[in-house]
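# Tertiary structure, described
Each chain, written out:
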Amino acid sequence: MRRFVIVGHRASTTGDFKLDDICGGAGRLDVLIRCINSSFFLSHSLRRDVEAYLILQGGDDAPKTLRFKGDELRYLNPDERSTASLMRNALLKKLSDSEIKASPGIYVSRRGLRDVLSSLSESGEIVYLKEEGEDIRRTELPEDIVFVLGDDRDLSEEEEQALKEHADRSLCLGPISYHSDHCITIAHNEMDRRV
Ligand SMILES: C[S@@+](CC[C@H](N)C(=O)[O-])C[C@H]1O[C@@H](n2cnc3c(N)ncnc32)[C@H](O)[C@@H]1O
């Protein structure tokens, strides 16, 4: 199972954004939506053996986590607007302490990065995608793996510290800095080539 955890530093947690303003008022939700597309979409199907976690840290109700579960997902389309709408519906749900299902394959909870990492510690190796890491082409990758990455901003020192409690390795995908969604595509490709 492949998992991706993307930290959305300013991403809206309140769901009160306009669908025409996902790059601005929604706190760069566009970046996270492209990460969802890269996590799941193939040419003519969806990757079912994938989970993606969006850690939303913006707005008055932070943090919240949206979890996308590939084998249950329905109504996910490649256009950013319709995914923003699914996310907005999830963020408008009334939340208690536990995770709830907002729509098929999309779950929402009040968890932040630390909680999500703790919950994933038995789910496979957790690795940090970082420009200064070890070259992914020169290392072994387990089948069960959790990739953690930033949105349009790198992880803060505090977030890196939290991650270091769970991740022993930082992996580099190439010699330059890529967009987060492109990182996910590259990571998938590296994994696909090894099966
Ligand atoms: C758009 S980058 C963040 C900002 C970028 N570091 C910069 O200086 O402009 C988004 C995230 O993708 C990951 N990333 C980007 N390039 C990478 C690379 N070559 N190897 C591994 N991870 C990378 C990192 O997790 C990074 O935080």
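In what follows, the structure referred to is the one given above.
Residues numbered from 1 in each chain as written. Predicted model: local features only at pLDDT ≥ 70, side-chain atom pairs only at ≥ 80, totals over all residues. Heavy atoms only, no water.

## Description of the overall build of the protein
A tally of helices and strands in the protein yields five helices and eight strands. For a compact globule of 195 residues, the expected C-alpha radius of gyration is about 16 Å, and the protein comes in at 16 Å, within 12% of that figure. Here the C-alpha coordinates of the protein stretch approximately 45 × 40 × 30 Å along the principal axes. A buried classification covers 52% of the 195 residues belonging to the protein. Taking as baseline every contact in the protein between residues at least 6 positions apart, the subset at least 24 positions apart corresponds to 71%. Carbon together with sulfur atoms contributes 44% to the accessible area of the protein, which is approximately 9,600 Å² in total. (Helix = DSSP H or I, 4+ residues; strand = E, 2+ residues; numbered from the N terminus. Rg over C-alpha atoms; globule rule 2.2 N^0.38 Å. Buried < 20%, exposed > 50% of the residue type's maximum accessible area, 1.4 Å probe, protein only. Contact = heavy atoms within 4.5 Å. Areas by Shrake-Rupley, 256 points an atom, 1.4 Å probe, with all protein chains shown as cover.)

## Concerning the layout of surface pockets
Of the volumes computed, that of the largest pocket is approximately 430 Å³. Forming the boundary of the largest pocket are 27 residues, of which Glu131, Asp151, Asp154, Tyr178 and Cys183 lie nearest the centre. When contributions to the lining of the largest pocket are tallied by element, the ones reaching two or more residues are helix H1 (29-40), strand E6 (125-135), strand E7 (145-150), strand E8 (167-172) and helix H5 (180-192). Among the elements that make up the lining of the largest pocket, the one with the highest residue count is E6 (five residues). The class makeup of the residues in the lining of the largest pocket is eleven nonpolar, five polar and eleven charged. (1 Å grid on protein atoms, 1.4 Å probe; cavity = no way out; pocket = protein on both sides within 12 Å on 5 of 7 lines; lining within 4 Å. Points joined across faces, edges and corners; volume = space filled by probe spheres on them. Nonpolar A, V, L, I, M, F, W, Y, C, P; charged D, E, K, R; others polar.)

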